[in-house]
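These are the residues of each chain, in order.
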Amino acid sequence: MNLHTLYKMQSVLDQHIVEQHQLQKESLFDRKVLALLVELGELANETRSFKYWSLKPPASETIILEEFVDGVHFILSLGIELGYTKEEIHINSNQSSTAVDQFLLIFQRVTKLQETRSKEDFVKLVQDYFSLAYHLGFTQEQIIDAYVAKNEVNFKRQEQGY
């Protein structure tokens, strides 16, 4: 998956946020890691894939896709912060795992990346996160379109004092 355009968009948004909130002298890496973990939890909650005790159905595809894209924003932002924006990342859907397995793996990947900050761990995180998209039924085109739309929303929120 070619993420270059999304990296450019995320970089502009990140810079806008840093300037708007006067964060030029702060390290935001750990905050971004925590934000990604929170977004991942919100995504899991909307899919309800782990809620074996409940009969309530998952949220709508639109809501789940929006939550997925929130995670994409923070993954890209972490990649920018680490300088890993030039990677062409090949995504393979992991058909042998369940959505629950994939969520747990991604949580592990995020915490490992926090520890190592290595390119290898970043690439694995991206691969596994986008593999989750296949479990959720999303195409690359859907993800890109939703990312672009949410990026615009995020800019508007910043302009409105979010």
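Residues numbered from 1 in each chain as written. Predicted model: local features only at pLDDT ≥ 70, side-chain atom pairs only at ≥ 80, totals over all residues. Heavy atoms only, no water.

Draft legend 1. Quick peek at unusual backbone geometry. Despite not being glycine, Gln22 shows a phi value in the positive range, around 50°. Assignment of secondary structure puts Gln22 in the loop between α1 (4-20) and α2 (29-47). Despite not being glycine, Arg117 has its phi angle at roughly 55°, a positive value. On the basis of relative accessible area, Arg117 is assigned to the partly exposed category, the value being 35%. (Helix = DSSP H or I, 4+ residues; strand = E, 2+ residues; numbered from the N terminus. Buried < 20%, exposed > 50% of the residue type's maximum accessible area, 1.4 Å probe, protein only.)

Draft legend 2. Local environment of the packing of aromatic side chains. In the structure shown here, the tally under the stated rule is seven aromatic pairs. On the basis of an interplanar angle of 65° and a centroid distance of 5.9 Å, the ring pair of Phe50 and Trp53 is categorised as edge-to-face. On the accessibility criterion, Phe50 (34% relative accessible area) is partly exposed. Overall, the relative accessible area of 54% leaves Trp53 in the exposed class. Here Tyr84 and Phe122 contribute two aromatic rings whose centre-to-centre distance is 5.8 Å and whose plane-to-plane angle is 40°, an arrangement assigned as tilted. In this pair, Tyr84 is assigned in the loop between α3 (61-82) and α4 (99-116) and Phe122 in helix α5 (residues 119-136), connecting sequence segments 38 residues apart. Taken as a pair, Tyr84 and Phe122 share a single burial class, namely buried. Taken together, the ring pairs connect Phe68, Tyr129, Phe130 and Phe138 into an aromatic cluster. The ring of Phe29 has Arg117 lying over it, and the distance from NZ or CZ to the ring centre is 3.8 Å. (Phe/Tyr/Trp six-rings, centres within 6.5 Å; stacked < 30°, edge-to-face > 60°. Lys NZ or Arg CZ within 6 Å of the ring centre and 35° of its normal.)

Draft legend 3. Quick peek at the packing of α4 against α5. It is at 9 Å that the axes of α4 and α5 come closest, and there the two elements cross at 160°. Here α5 runs roughly antiparallel to α4, going by the angle between their axes. Between α4 and α5 lies a crossing whose hand is left-handed. Contacts between α4 and α5 involve Ala99, Gln102, Phe103, Leu105, Ile106, Arg109, Val110, Lys112, Leu113 and Thr116 on the former and, on the latter, Asp121, Phe122, Lys124, Leu125, Asp128, Tyr129, Ser131, Leu132 and His135. (Axes fitted to C-alpha atoms, helices over the stretch in contact; angles between N-to-C directions. Parallel < 35°, antiparallel > 145°, perpendicular 65-115°, else oblique. Left-handed = near helix turned anticlockwise from the far one by under 90°. Contact = heavy atoms within 4.5 Å.)

Draft legend 4. View of the environment of Gln15. Inspection of the secondary structure assignment puts Gln15 in helix α1. Here Gln15 falls in the partly exposed class, since its relative accessible area comes to 41%. Polar contacts involving the side chain of Gln15 include one to the side chain of Glu19, which spans 2.8 Å. (Polar contact = N/O pair within 3.5 Å; in protein donor to acceptor, adjacent residues only side chain to side chain.)

Draft legend 5. Structural view of the pattern of salt bridges. A full pass over the atoms with the stated rule returns nine salt bridges. One salt bridge in this structure joins Lys150 and Asp70, with 2.6 Å as the shortest N-O distance. On the criterion of sequence distance, the pair formed by Lys150 in helix α6 (residues 140-159) and Asp70 in helix α3 is long-range, its members being 80 residues apart. Pair check on accessibility: Lys150 and Asp70 agree, each one buried. When the shortest N-O distance is used, the salt bridge between Glu120 and Lys124 registers 3.1 Å. One end of the pair is Glu120 and the other is Lys124, both in helix α5 and four residues apart, which spans about a single turn. You can call Glu120 exposed: its relative accessible area is 52%. Taking relative accessible area as the criterion, Lys124 reaches 27% and is therefore assigned partly exposed. (Salt bridge = Lys/Arg side-chain N within 4 Å of Asp/Glu carboxyl O.)

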